[in-house]
Amino acid sequence: MSVSFDGNKGIQLGFTLIELLVVIAIAAVFAALVPGYYERFRDAVQFKSLISEVISDLKQVRMVSNKINGGASYFWLDVSEGTFGTSVSEKKSLPPNIKVEVTSGLVGEVRTKKHEFHFFPEGGSTGGTIVFIRESGAAARIEIDWLTGAISEKGDGYAHSQ
């Protein structure tokens with residue numbers, strides 16, 4: 001910032017042209033970087049939200065099956081249609097940019113790649129693994145233990161189990 005003394009006008013304060021151009025250049029760099037970071041941040045939040053929603057649905061089905069006498073409840077995932085749901089909730093859609101790999105004890109229809117994970121009142125399940133993979137390569141693995149019906153999540157450098 002420059003200060004000039006002029007005998008007739010007193011003190012005059014202001015920014016030089018160079019200082020203004022530097023500030024504008026820095027603002028332009030930030031403006032160019034922000035959309036890319038925002039897009040990656042939004043995708044990461046959407047991915048983590050999907051994982052949380054699937055785990056929540058699996059836990060709900062497991063809890064409901066423990067309360068049902070003589071009946072099993074199930075979680076289903078249709079890879080070809082890009083949808084998932086449970087026997088006690090409505091159908092939900094997968095984000096379009098997510099790849100899914102499933103290993104399950106039951107496949108409802110091989111043609112449509114509809115996988116089912118059944119939970120039984122005694123605590124067991126059909127078991128299996130669901131892997132969700134983002135375009136960036138980051139992945140999260142959800143494992144369902146066939147013996148105990150326990151649901152665990154592993155991915156992105158952390159592990160959470162229940």
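This text goes with the structure placed above it.
Structure report, in brief. (Residues numbered from 1 in each chain as written. Predicted model: local features only at pLDDT ≥ 70, side-chain atom pairs only at ≥ 80, totals over all residues. Heavy atoms only, no water.)

## Side note on the overall build of the protein chain
Which entries qualify depends on this criterion: Segments assigned H or I by DSSP are reported as helices when at least four residues long, segments assigned E as strands when at least two residues long, and all are numbered from the N terminus. When accessible area is computed with a 1.4 Å probe and restricted to protein chains, residues below 20% of their type maximum are described as buried, those above 50% as exposed, and intermediate ones as partly exposed. When checking whether two residues touch, look at their non-hydrogen atoms; a contact exists if any pair is within 4.5 Å. To be clear on the numbers: accessible area is Shrake-Rupley with a 1.4 Å probe, and residue cover counts the displayed protein chains and nothing else.
Along the protein chain, the regular secondary structure elements total 1 helix and 12 strands. Element order for the protein chain, N to C, with α for helix and β for strand: β-β-α-β-β-β-β-β-β-β-β-β-β. Within the span of the protein chain, comprising 162 residues, buried residues form 31% of the whole. Partitioning the intrachain contacts of the protein chain with sequence separation of at least 6 by distance along the chain shows that 48% fall at a separation of at least 24. When the accessible area of the protein chain is evaluated, it comes to approximately 10,200 Å², of which 59% is carbon and sulfur surface.

## Things to note about the side chain of threonine 86
Condition: Under the rule applied, a polar contact is a pair of N or O atoms within 3.5 Å (in protein, one hydrogen donor and one hydrogen acceptor; residues adjacent in sequence only if both atoms are side-chain atoms).
For threonine 86, the position within the fold is in strand 4 (residues 83-86). Looking at threonine 86, its side chain comes within polar contact range of the main-chain nitrogen of valine 88, at 3.1 Å. Polar side-chain contacts of threonine 86 include one of 2.7 Å to the side chain of serine 89. In this structure, threonine 86 is in contact with Asp57, Val61, Tyr74, Phe75 and Trp76, ignoring residues within four places of it in sequence.

## Focus: the pairing of strand 10 (residues 139-144)
Convention followed: Being paired, for any two strands, means DSSP has found at least two bridges between them.
Judged by which residues are buried, strand 10 turns out to be one-sided: Ala140, Ile142 and Ile144 face inward and are buried, whereas Ala139, Arg141 and Glu143, on the alternate face, are not. Counting the residues that bridge the hairpin from strand 9 (residues 128-133) to strand 10 gives 5 residues, and of these glycine 137 lies at a positive phi of roughly 100°. Relative to strand 11 (residues 151-155), strand 10 runs antiparallel, the two sharing 5 bridges. When the bridges of strand 11 are listed, isoleucine 144 appears paired with isoleucine 151.

## Quick look at the side chain of serine 65
On the secondary structure map, serine 65 appears in helix 1 (residues 17-67). Given the relative accessible area of 1%, serine 65 is considered buried.

## Here's the deal with the environment of glutamate 90
With respect to the helices, strands and loops of the structure, glutamate 90 is situated in the loop between strand 4 and strand 5 (92-93). Not counting chain neighbours up to four residues away, the residues in contact with glutamate 90 comprise Phe84 and Gly85.

## Side note on the pattern of salt bridges
Our working definition: Just to be clear on terms, a salt bridge is a Lys or Arg side-chain nitrogen sitting within 4 Å of an Asp or Glu carboxyl oxygen.
Considering all chains together, one arrives at 8 salt bridges under this definition. Its salt-bridge partner being aspartate 57, residue lysine 92 comes within 2.9 Å of it at the nearest N-O pair. Of this pair, lysine 92 sits in strand 5 while aspartate 57 is found in helix 1, placing the two residues 35 residues apart along the sequence. A residue is classified by how much of its surface remains accessible, and lysine 92, at 22% relative accessible area, is partly exposed.

## Describing helix 1
Since the α-helix turns once every 3.6 residues, residues separated by three or four places project in the same direction. Note the threshold: One less than the number of residues in a helix, times 1.5 Å, gives the span that helix is expected to have. Fitting one axis to the seven residues ending at a residue and another to the seven starting there, the bend at that residue is the angle between the two axes.
Along its 51 residues, helix 1 runs 74 Å from first to last C-alpha, staying within 8% of the 75 Å computed at 1.5 Å per residue. At valine 34, helix 1 shows its strongest bend, of approximately 25°, with the proline proline 35 following within four residues. Taken together, the buried positions of helix 1 are occupied by Ala44, Phe47, Leu50, Ile51, Val54, Ile55, Asp57, Leu58, Val61 and Ser65.

## Considerations on the nonpolar core
Rules: What we call a nonpolar core is a set of buried Ala, Val, Leu, Ile, Met, Phe, Trp, Tyr and Cys residues that are connected through their side-chain atoms within 4.5 Å.
Ranked by size, the top nonpolar core spans 22 residues in total, and within it Ile130, Phe132 and Ile142 carry the most contacts. Residue assignment for this core shows that the elements contributing at least two residues are helix 1, strand 3 (73-78), strand 6 (99-104), strand 8 (114-119), strand 9 and strand 10. It is helix 1 that contributes the most residues to this core, 7 residues altogether. Among residues more than four places away in sequence, those in contact with isoleucine 130 are Phe75, Leu77, Val100, Glu101, Val102, Phe117, Ala140, Arg141 and Ile142.

## Concerning the pairing of strand 4
Where burial is concerned, the two faces of strand 4 agree: the one with Thr83 and Gly85 and the one with Phe84 and Thr86 are both buried. Linkage of strand 3 to strand 4, two consecutive antiparallel strands, is achieved through a turn of 4 residues, within which glycine 82 is found at a positive phi near 75°. As judged from the 2 bridges shared by strand 4 and strand 5, these two strands associate in the antiparallel manner. Bridge pairing in strand 5 places phenylalanine 84 opposite lysine 92. Counting the residues between successive antiparallel strands, the hairpin from strand 4 to strand 5 contains 5 residues.

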